[in-house]
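One-letter residues, chain by chain:
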Amino acid sequence: GLLFTILTAARSGETRSALWSHVDLEAKVWSRPAELMKSGEAHTVTLSPAALAILDRARSLRTTTKDCLIFPGQGGRMMSDMTMSKLVRPTGFTVHGFRASFRTWAAEQMPTIPEAVAEAALAHLVPDQVVRAYQRAKFMEMRRKLLDAWGDYSEGHSNVLRLVS
């Protein structure tokens, strides 16, 4: 679950509460319902090949055909927030810090991707109500390009991912 959280730039609670019914493997998207989101608004995440590979491994461990958590804890219940935190603690990082790392990487390594796209990938709300009322673009194709590149970067260049996977 931790690596999936990193690759999707998600919050840990979004990953811990993710159900198989939220994922469309053919469309390569993870649609998170409003009740799981900090903003209270539904959000769709494009899934990189690296994130899809994790889902493929998780699917092979699935023990039921009923809708269930993708990354269950003990007894099939939602894993605790501390489960992910314990994995990264020895590295000196935090789970949420990977979202900041993604945002910094996007600004530095993907300068052709507008800032609004990176913010949309993080499910951040535009703070200005007037701008938010008129800015309804979802930027799905640009977000797919961004998260695919983040997946490639994360798989190939991060020693931290090797420590936590």
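Report follows, based on the coordinates. What you are looking at is a predicted structure, and each value in this text was computed from that prediction instead of being measured.

### What to know about the overall build of the protein chain
From N to C terminus, the protein chain includes 9 helices and 3 strands. Taking all 165 residues of the protein chain together, the buried fraction comes to 41%. Taking all contacts inside the protein chain whose residues are at least 6 apart in sequence as the whole, residues at least 24 apart take part in 63%. Element-wise, carbon and sulfur atoms account for 54% of the exposed surface of the protein chain, whose accessible area totals about 9,300 Å².

### A look at the nonpolar core
Grouped together as the largest cluster of nonpolar side chains are 41 residues, with contacts concentrated most on Leu 55, Phe 102 and Leu 146. Those elements giving two or more residues to this core turn out to be α1 (2–8), α3 (49–61), α4 (81–88), α5 (97–109), α6 (115–121) and α8 (140–157). Among the elements that line this core, the one with the most residues is α3, at 6 residues. Those residues in contact with Phe 102, other than ones at most four positions away along the chain, are Ala 9, Ala 118, Ala 121, Leu 122, Leu 146, Leu 147 and Trp 150.

### As for α5
With 13 residues, α5 should reach 18 Å at 1.5 Å per residue; the first-to-last C-alpha distance of 18 Å fits that figure. Restricting attention to buried positions, one finds in α5 the residues Phe 98, Arg 99, Phe 102, Arg 103, Trp 105 and Ala 106. Axial view of α5: buried residues confined to an arc of 165°, hence all on one face.

### Re the pattern of salt bridges
For the coordinates displayed, the defined rule picks out 6 salt bridges. Among the salt bridges present, the one from Arg 11 reaches Glu 14, with a minimum N-O distance of 3.2 Å. Accessibility assignment for this pair places Arg 11 and Glu 14 in one class, buried. Measuring nitrogen to oxygen at the nearest pair gives 2.6 Å for the salt bridge that ties Asp 56 to Arg 59. A residue pair is termed a helical-turn pair when its members lie 3 or 4 positions apart in one helix, as Asp 56 and Arg 59 do in helix α3 at 3 residues. According to the relative accessible area criterion, Asp 56 is partly exposed, its value standing at 43%. For Arg 59, a relative accessible area of 40% corresponds to the partly exposed category.

### Side note on the sheet that holds strand β3 (residues 43–46)
Ordered in space as β1-β2-β3, the 3 strands form an open sheet in which the pairing is antiparallel. At either end of the open sheet lies a strand with only one pairing partner, and these are β1 (23–24) and β3. Sheet topology note: the strand β2 (residues 29–32)/β3 ladder contains 4 bridges and is antiparallel. When the bridges of β3 are listed, Trp 30 appears paired with Val 45.

### Looking at the environment of Val 23
For Val 23, the location among the structural elements is in strand β1. Taking C-alpha positions, Val 23 is 9.5 Å from Val 45, a pair spaced 22 residues apart along the chain. Those residues within four positions of Val 23 in sequence are excluded, and the remaining contacts are Val 29, Trp 30, Leu 47, Leu 55 and Ile 70.

Each value, and the rule that gives it
Residues numbered from 1 in each chain as written. Predicted model: local features only at pLDDT ≥ 70, side-chain atom pairs only at ≥ 80, totals over all residues. Heavy atoms only, no water. Helix = DSSP H or I, 4+ residues; strand = E, 2+ residues; numbered from the N terminus. Buried < 20%, exposed > 50% of the residue type's maximum accessible area, 1.4 Å probe, protein only. Contact = heavy atoms within 4.5 Å. Areas by Shrake-Rupley, 256 points an atom, 1.4 Å probe, with all protein chains shown as cover. Core = buried A, V, L, I, M, F, W, Y, C linked by side-chain atoms within 4.5 Å. Expected span 1.5 Å × (residues − 1). Arc of directions from axis to C-beta. Salt bridge = Lys/Arg side-chain N within 4 Å of Asp/Glu carboxyl O. Pairing = 2+ DSSP bridges.

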